[in-house]
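# Descriptive analysis of the structure
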Amino acid sequence: MEQPLTQHIPKDGGWLHLKDYEKVGGYQGLRKALKMTPKEVINLVKDAGLRGRGGAGFSTGLKWSLVPSPDQVPGPRYLVANGDEMEPGTFKDRLLLEGNPHQLIEGMIIGAYAIQAEFSYIFLRWGYQNAEKAILQAIQEAYEAGYLGKNILGSGFSHELSMHTSVGRYMCGEETALINALEGKRANPRAKPPFPVVSGFFGKPTVVNNIETLSNVPHILDKGVSWYKSLSKCEDGGTKLYGVSGKVKRPGLWELPLGTSFREILEEYAGGMRDGYQFKGALPGGGSTDFITAEHLDVAMDYNSVAKVGSRMGTGTIIVLDDRTCVVGMVLNLEHFFAQESCGWCTPCREGLPWTERLLQAIEEGQGRMEDLKIFDDLTRYMAPGHTFCALAPGAMEPLQSALKYFRADFERHIHEHRCPWK
Amino acid sequence: MDTPTQRILTDEMIAEIREMYKHFPVKRAACIEGLKLIQKHHKWVSDQAVRELAEVLEMSPDEIDSVATFYNLIFRKPVGRHVILICDSVSCWIMGYAEIADYLKKKLGIQFGETTADGRFTLIPICCLGTCDRAPAMFIDEDLHRDLTVEQIDAILERYP
Ligand SMILES: Cc1cc2nc3c(=O)[nH]c(=O)nc-3n(C[C@H](O)[C@H](O)[C@H](O)COP(=O)(O)O)c2cc1C
Ligand code: SF4
Ligand code: FES
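Moving on, we get to the nonpolar core. A general trend in soluble globular proteins is that nonpolar side chains are found buried together. Counting residues in hydrophobic clusters, the biggest one holds 118 residues, and the most contacted among them are Ile17(B), Leu57(B) and Tyr71(B). Ignoring sequence-local partners within four residues, the contact set of Tyr71(B) consists of Val167(A), Gly168(A), Arg169(A), Cys172(A), Ala181(A), Lys185(A), Arg186(A), Ala187(A) and Ile32(B). Counting 56 residues, the second-largest nonpolar core is a separate cluster that includes Leu50(A), Leu79(A), Tyr128(A) and Ile220(A).

Written out as structure tokens, the structure is:
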């Protein structure tokens, strides 16, 4: 099984320095890209079927093609690598940032060339100190080797790359909020349209891509479309980093073909449930995805298949709920997070999430009423997609709504017994 | 009235901040970097520091404060010698965060957001640290501690005098 993104990451916890990265084919993709036209690069990435690994699964090549060309809109344009990774239960970009920074940098230079951007930024979350050190050194190495700076590899294309380390807020991961944070402001999102591909960093066209997304790009350029498609088990291309946390035998992270089944990830890679614990459900891709349950174990973990069973693949990092953990408590924990991290710009989110949290708290403490469950339905409607400036609020309601759908009896037991039956 | 006798921003720090905004079309773009720099030297950002940064960046102190208070890791109150940031997000919660948090509160005799009387520890809950496969987890200063159990806590704390 091929694991192009992770197979060369040193097992001792260190990172792949430039010399070793070049030995395993590093910067070959960039060399090829610089011999193509920007449009050819975009089309290649589009044909490869690379979809954004940041959660929404938007076609990467398509996103790049939406940036107006320098003839249409002259002036600077920017590429930003989104390494905020603060979605609860998500720990995938960390490995790529800590272990293979050149792969990211190469992907960024190729992306920048495709949209003709002269500047790019890595936006790194706080608390990834090893990644921060590795990236700063890798940027230095890339400048010294002529992969960054003026007239890269004699192509005439010039590019400058730098890093910003965040001071922590989940909102910074939302692409327009991230741009505000890069401009030194509060990380409130911006109203869309205009989308950042047209008006982003200081009002200039800006592409924001996830770390894992950009780390795929060098391999597509180096090895081509049909190889890239052959990596996956579904209609979209490539591998995917899948993670599992919760009461399983071997929590962890693995690079597997896109479309590997949920059951295989849970049972073969994570080793199944710990002794004495039963599988009850899971959030397939971070805290803001809908629960799936035992009846969905055989779902393929790709964008379209997970959507078909009513959830989202999101970040592909699975959070497992076991039978000895209270689902009301789990959802309360999630809504506390979302209420706290809400930026407060739109009323339904600012008011609705703390209300949701308080109602859940009451139910968990045995003070809930059956009417409360109906209020959750209303709140979900107030915070539905389109009613808020960003996807935080609708995302926050996904675990709650699906918990009510699959585990309603657990909520009702709390209400009728006036206590948490799991305590 | 508070008459600041000693400035918080040294000439070197101001030079560093100027270096930061040189790359941007507007000075205020260095606001977050400026706050980070202040905190690196002083561990927290005081009202006086906010006023001084406002002068350098040609912003009002309130504008600076609206940025400072937005971010989880900019401290607007003094903190202890060591800052404990314990992850309270979902995977850590499933894996026993509450027990660890309760033990820490009892052992240190403080609630979340407080500092011990001897100024040694500040205890703050924080969201996901991106290490959910090794939950529960916490930072003490720059050190990440993972796979925590209550039994280990005493020994870990002893390493931070
Ligand atoms: C509240 C919120 C937080 C987000 N956090 C992240 C994040 O940490 N990393 C990320 O890549 N995308 C995050 N996203 C999605 C980004 O807005 C954006 O869609 C993504 O970075 C695009 O990259 P991709 O097309 O490569 O997936 C977040 C979205 C929302 C609404
Ligand atoms: S949905 Fe919530 S987080 Fe997003 S912009 Fe509105 S208030 Fe802010
Ligand atoms: S939930 Fe605690 S590290 Fe992710």
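Resuming the write-up.
Before going further, it helps to examine the interface of chain A and chain B. Contact residues are listed per partner, giving 49 residues for chain A and 35 residues for chain B. Contact between chain A and chain B buries roughly 3400 Å² in total, counting both sides, with carbon and sulfur atoms accounting for 63%. Among the residues of chain A in contact with chain B, Trp126(A), Val167(A) and Arg186(A) are the three that bury the most area, contributing 20% of the side total. In this structure, the connection of chain A to chain B is made through zero salt bridges. For the pair chain A and chain B, the interface holds 17 residue pairs in polar contact (both at pLDDT 80 or more). Mapped by element, the contributors of at least two residues to the side of chain A that touches chain B are strand E3 (160–165), helix H8 (175–182), strand E5 (239–245), strand E9 (317–322) and helix H13 (327–341) of chain A. Of the residues forming the side of chain A that touches chain B, the biggest block, seven residues, is contributed by H13(A). Looking at the side of chain A that touches chain B, its residues break down into 22 nonpolar, 16 polar and 11 charged.

Split into domains, chain B comes out as domain 1 (11–68) and domain 2 (82–158). For domain 1 of chain B and domain 2 of chain B, the distance between their C-alpha centroids amounts to 30 Å.

With that out of the way, let us pick up the site of ligand 2. Residues and elements named next belong to chain A. Around ligand 2, a shell composed of 13 residues is seen, among which Cys343, Trp345, Cys346, Cys349 and Cys390 lie nearest. Judged by its atoms lying within 2 Å of the grid points, ligand 2 is housed in the largest cavity. Residue classes in the shell around ligand 2 are distributed as 10 nonpolar, three polar and no charged.

All names here are of chain A. Taking strand neighbours across the sheet as the criterion, the four strands line up as E3-E2-E1-E4 in an open arrangement whose pairing is parallel. Each edge of the open sheet is held by one strand with a lone partner, namely E3 and strand E4 (206–210). Along the sheet, successive strands turn relative to each other by an average axial angle of 20°, direction set aside. Both strand E2 (residues 119–124) and E3 contribute to a ladder of six bridges, which runs parallel. Its bridge partner being in E3, Ser120 is matched across the sheet by Leu161. Sheet contacts for H8: strand E1 (78–83), E2, E3 and E4; angle to E2, the most-contacted strand, approximately 100°.

It is worth spelling out a nonpolar patch on the surface at this point. Residues Phe58(A), Leu62(A) and Leu66(A) make up a contiguous nonpolar surface patch of about 250 Å² in total accessible area. Along the chain, Leu66(A) turns up in the loop between helix H4 (60–65) and E1.

The subject of this paragraph is the confidence of the model for chain B. Averaged over all residues, the pLDDT of chain B equals 95, while 97% of them reach at least 70. Interface predicted TM-score (ipTM) for the complex: 0.97; the corresponding pTM is 0.97.

All right, on to the pattern of salt bridges then. Side chains that carry opposite charge are capable of pairing whenever their charged atoms lie near each other. Taken as a whole and judged by the stated rule, the model has 38 salt bridges over all chains. Asp410(A) serves as the salt-bridge partner of Lys280(A), at 2.5 Å between the closest nitrogen and oxygen. You can see Lys280(A) sitting in strand E7 (residues 279–283) and its partner Asp410(A) sitting in helix H17 (residues 408–417), a full 130 residues away along the chain. This pair shows no difference in class: Lys280(A) is buried, exactly as Asp410(A) is. The salt bridge partner of Glu52(B) is Arg7(B), with a shortest N-O separation of 3.9 Å. With Glu52(B) in helix H3 (residues 47–57) and Arg7(B) in the segment before helix H1 (11–21), the pair connects residues that are 45 residues apart, well separated along the chain.

It is worth spelling out the sheet that holds strand E4 (residues 143–145) of chain B at this point. Residue and element names in this part refer to chain B. Spatially, E2-E1-E3-E4 is the arrangement adopted by the four strands of the open sheet, whose pairing is mixed. The open sheet is flanked by strand E2 (121–126) and E4, the only strands paired with a single partner. Strand-to-strand twist across the sheet, computed as the mean angle between neighbouring axes with direction ignored, equals 20°. Note that strand E1 (residues 82–87) and E2 share six bridges and pair parallel. The residue of E2 that forms the bridge with Ile86 is Pro125. Strands in contact with helix H6 (residues 97–108) are E1, E2 and strand E3 (138–140); relative to E1, the strand with the most contacts, it is inclined by about 155°. In the packing of helix H7 (residues 150–158) onto the sheet, contacts are made with E1, E2, E3 and E4, and the angle to E3 comes to roughly 20°.

Conventions and cut-offs
- Residues numbered from 1 in each chain as written.
- Chains lettered and ligands numbered in written order.
- Predicted model: local features only at pLDDT ≥ 70, side-chain atom pairs only at ≥ 80, totals over all residues.
- Heavy atoms only, no water.
- Core = buried A, V, L, I, M, F, W, Y, C linked by side-chain atoms within 4.5 Å.
- Buried < 20%, exposed > 50% of the residue type's maximum accessible area, 1.4 Å probe, protein only.
- Contact = heavy atoms within 4.5 Å.
- Buried area = accessible area lost by both parts, 1.4 Å probe.
- Salt bridge = Lys/Arg side-chain N within 4 Å of Asp/Glu carboxyl O.
- Polar contact = N/O pair within 3.5 Å; in protein donor to acceptor, adjacent residues only side chain to side chain.
- Helix = DSSP H or I, 4+ residues; strand = E, 2+ residues; numbered from the N terminus.
- Nonpolar A, V, L, I, M, F, W, Y, C, P; charged D, E, K, R; others polar.
- Domains from an automatic or database assignment.
- Near = heavy atom within 4 Å.
- 1 Å grid on protein atoms, 1.4 Å probe; cavity = no way out; pocket = protein on both sides within 12 Å on 5 of 7 lines; lining within 4 Å.
- Sits in = over half its atoms within 2 Å of the grid points.
- Pairing = 2+ DSSP bridges.
- Axes fitted to C-alpha atoms, helices over the stretch in contact; angles between N-to-C directions.
- Patch = residues over 30% accessible without salt bridge, like charges linked within 9 Å, V, L, I, M, F, W, Y side chains within 5 Å.
- Areas by Shrake-Rupley, 256 points an atom, 1.4 Å probe, with all protein chains shown as cover.
- pLDDT = per-residue confidence, 0-100.

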